[in-house]
Amino acid sequence: MNTHYKAQIYQFIFRYCQEEQLCLDLIQDTFVKFLKYQANFDEGKSSIKTYLFRIAYQLMINRLKKRNRMRKILPFLYVLNQLQSLSYEDKITVQTVIQQLPKERRAVILLTYYHDLTQKDISEVLEIPIGTVKSRLHASLKKLKVLLEGKE
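In short, a report on the structure. Computed from a predicted structure; not experimentally measured. The numbering scheme is per chain: residues are counted from 1 as the chain's sequence reads. Thresholds applied to this predicted model are a pLDDT of at least 70 for local features of residues and 80 or more for the giving and counting of side-chain atom pairs; totals over whole chains, interfaces and linings are not thresholded and use all residues. To get the side-chain values, all heavy atoms of the structure are used, and hydrogens and water are removed first.

1. Comments concerning the side chain of arginine 63
- Along the chain, the position of arginine 63 falls in helix α3 (residues 48–73).
- For this analysis, residues touch if any pair of their heavy atoms sits within 4.5 Å. Setting aside residues no more than four positions away along its own chain, arginine 63 makes contact with Leu22, Asp25, Leu26, Asp29 and Asp116. Working definition: helices are DSSP H or I runs of at least four residues, strands are E runs of at least two. Numbering for both runs from the N terminus.

Below is the structure:
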């Protein structure tokens, strides 16, 4: 059953975004989320196939929106996160600028953009309120934008 749905979900996601690695990540995330929330599945409301596709679609849309926001706010981080080649100088510039952030803010940036964690997950990892995560992220992005624009 899982193999059958994995293949179908892969085909759906790949046709939507045309990115193999993203598809593989989203399939894994879909089944991890399904296992986590399996108790919420109600056969009376939908089939398991529909439930899995809904999870996959929501994860994909969220990932694409996040990527789009990152591309607009900090193009350097977007490129780094996508593992595209940057010049050695650009990599050093981004790493240096991130290191200039206070350690609390640096952790939020790294967990968000390099490890793709949600704000809720970051809140749990760092043991801080979600509002603090949001404010640190906002302040860090403003600071990074200023520092990177000054370095360009």
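2. A short note on the pattern of salt bridges
- Every case where a carboxyl oxygen of Asp or Glu lies within 4 Å of a side-chain nitrogen of Lys or Arg is listed as a salt bridge. On inspection of all chains with the given rule, the structure shows two salt bridges.
- Between arginine 63 and aspartate 29 there is a salt bridge, and its shortest N-O distance comes to 2.6 Å. Separated by 34 residues along the polypeptide, arginine 63 in helix α3 and aspartate 29 in helix α2 (residues 20–36) bring together distant segments of the chain.
- Assessed through its relative accessible area of 28%, aspartate 29 is described here as partly exposed.
- Residue glutamate 124 is joined to lysine 120 by a salt bridge in which the shortest nitrogen-to-oxygen separation is 2.9 Å. Exposed residues in this analysis have more than 50% of their type's maximum accessible area, buried residues have under 20%, and partly exposed residues fall in between, with area computed by a 1.4 Å probe over protein chains only.

3. A look at α2
- The span one expects for a helix is its residue count, reduced by one, times 1.5 Å. Between its terminal C-alpha atoms α2 stretches 24 Å, which fits the 24 Å expected from 17 residues at 1.5 Å a residue.
- Along α2, the positions that sit buried rather than exposed are Leu22, Cys23, Leu26, Ile27, Thr30, Phe31 and Phe34. All buried residues of α2 lie within an arc of 160° about the axis, which places them on one face of the element. What points out from α2, more than 90 degrees from its buried face, is the exposed set Gln21, Gln28, Leu35 and Lys36. The arc in question is the one spanned by the directions pointing from the helix axis to the C-beta atoms.

4. Considering unusual backbone geometry
- Of note in the backbone geometry, glutamine 18 takes a positive phi value of approximately 60° without being a glycine.
- Mapped onto the elements, glutamine 18 comes out in the loop between α1 (2–17) and α2.
- At glutamate 127, a residue that is not glycine, the phi angle is positive and equals roughly 55°.
- Take glutamate 127: it is sitting in the loop between α7 (119–126) and α8 (130–151).
- The class of glutamate 127 is exposed, set by a relative accessible area of 74%.

5. Here we look at the nonpolar core
- Grouping buried Ala, Val, Leu, Ile, Met, Phe, Trp, Tyr and Cys residues that are joined through side-chain atoms within 4.5 Å yields what is termed a nonpolar core. In terms of nonpolar packing, the biggest core is built from 20 residues, with Ile9, Ile13, Leu26, Phe31, Phe34, Ile48 and Leu52 touching the most fellow members.
- Elements supplying a minimum of two residues to this core: α1, α2 and α3.
- The dominant element in this core, judged by the number of residues it contributes, is α3, at nine residues.
- In this view, isoleucine 13 contacts Gln18, Cys23, Leu26, Ala56 and Met60; residues no more than four positions away in its chain are not counted.
- Judged by nonpolar contacts, the second largest core, of 16 residues, contains Val94, Leu101, Tyr113 and Leu137.

6. Considering the side chain of threonine 30
- As for its placement among the helices and strands, threonine 30 is situated in helix α2.
- Beyond its immediate chain neighbours, meaning those up to four positions away, threonine 30 contacts Ile9, Leu52, Ile55, Ala56 and Leu59.

7. Description of the packing of aromatic side chains
- In this analysis, rings of Phe, Tyr and Trp, with Trp reduced to its six-membered ring, are considered paired at centre separations within 6.5 Å, and the interplanar angle assigns stacked below 30 degrees, edge-to-face beyond 60, and tilted for intermediate values. Using the criterion set out here, one finds six aromatic pairs in the structure.
- With a centroid separation of 6.4 Å and 90° between ring planes, the pair formed by tyrosine 16 and tyrosine 57 is classed as edge-to-face. Highlighted residues: tyrosine 16 in helix α1 and tyrosine 57 in helix α3, separated in sequence by 41 residues.
- Its relative accessible area of 44% is what places tyrosine 16 among the partly exposed residues.
- The class of tyrosine 57 is partly exposed, set by a relative accessible area of 39%.
- A centroid spacing of 5.0 Å and a plane angle of 50° characterise the contact between phenylalanine 41 and tyrosine 51, whose relative ring orientation is tilted. Note that phenylalanine 41 is positioned in the loop between α2 and α3 and tyrosine 51 in helix α3, a separation of 10 residues in sequence.
- Here phenylalanine 41 falls in the buried class, since its relative accessible area comes to 17%.
- One aromatic cluster is present, formed by Phe12, Tyr16, Phe53 and Tyr57 through successive ring pairs.

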